[in-house]
Amino acid sequence: IVACIAVIIITFLLNLNDLGFDVSFESNGGTKIETITKMYGSKIDESLVPTREGYEFVGWYLDEACQFPWNIEEDTIKEDFTLYAKWKEIKE
């Protein structure tokens, strides 16, 4: 009985990853990007780019201060998290 319960618990825990992880986006004044749900190990679609009048989108960052960039080509999803948009003002 204990072995059966252990198998059930392990199966349940492994299947939690099948639900995916939520990635939220804080566009910091840009257009809204909706939260996405992706599977463990997935990458974020490069087309998820906000726009903001008078600014150029620099990229997504893992922290509010925009010091730790998310590498869209290499980084993969491993948990729920929020990405923050960094902007550069366009000087005319």
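Please refer to the structure placed before this passage.
Read on for an overview of the structure. Everything numeric in this text was worked out from a predicted model, so none of it was measured.

**With respect to the side chain of D63**
Phase 1: As for its placement among the helices and strands, D63 is situated in the loop between β3 (55-61) and β4 (81-89).
Phase 2: Buried and unpaired, D63 has K86 as its nearest opposite-charge partner, separated by 8.8 Å.
Phase 3: Each residue touching D63, except ones within four places of it in the same chain, is listed here: F68 and Y84.

**A short note on the environment of D63**
Phase 1: Judged by its relative accessible area of 15%, D63 falls in the buried class.
Phase 2: A sequence separation of 15 residues divides D63 from L48, and the C-alpha atoms of the two residues are 18 Å apart.

**Side note on the sheet that holds strand β1 (residues 21-26)**
Phase 1: What the four strands build is an open sheet, ordered β2-β1-β4-β3; its pairing is mixed. Two strands close off the open sheet at either side, each with one partner strand: β2 (36-38) and β3. Direction aside, neighbouring strands of the sheet carry axes that sit 30 degrees apart on average.
Phase 2: Strand direction decides the pairing type here: β1 and β2, joined by three bridges, are antiparallel. Paired with V23 across the two strands is I36, which belongs to β2.

**Examining the nonpolar core**
Phase 1: Within the largest apolar cluster, 15 residues are counted, with the highest numbers of intra-cluster contacts made by V23, F25, I44, W60, F81 and L83.
Phase 2: At the level of secondary structure, the elements contributing two or more residues to this core comprise β1, β3 and β4.
Phase 3: Top contributing element to this core by residue count: β4, with four residues.
Phase 4: When residues no more than four places from it in sequence are discounted, the contact partners of I44 are V23, F25, I36, W70, I72, I77, F81 and L83.

What counts and how
- Residues numbered from 1 in each chain as written.
- Predicted model: local features only at pLDDT ≥ 70, side-chain atom pairs only at ≥ 80, totals over all residues.
- Heavy atoms only, no water.
- Helix = DSSP H or I, 4+ residues; strand = E, 2+ residues; numbered from the N terminus.
- Buried < 20%, exposed > 50% of the residue type's maximum accessible area, 1.4 Å probe, protein only.
- Lys, Arg positive; Asp, Glu negative; His and termini not counted.
- Salt bridge = Lys/Arg side-chain N within 4 Å of Asp/Glu carboxyl O.
- Contact = heavy atoms within 4.5 Å.
- Pairing = 2+ DSSP bridges.
- Axes fitted to C-alpha atoms, helices over the stretch in contact; angles between N-to-C directions.
- Core = buried A, V, L, I, M, F, W, Y, C linked by side-chain atoms within 4.5 Å.

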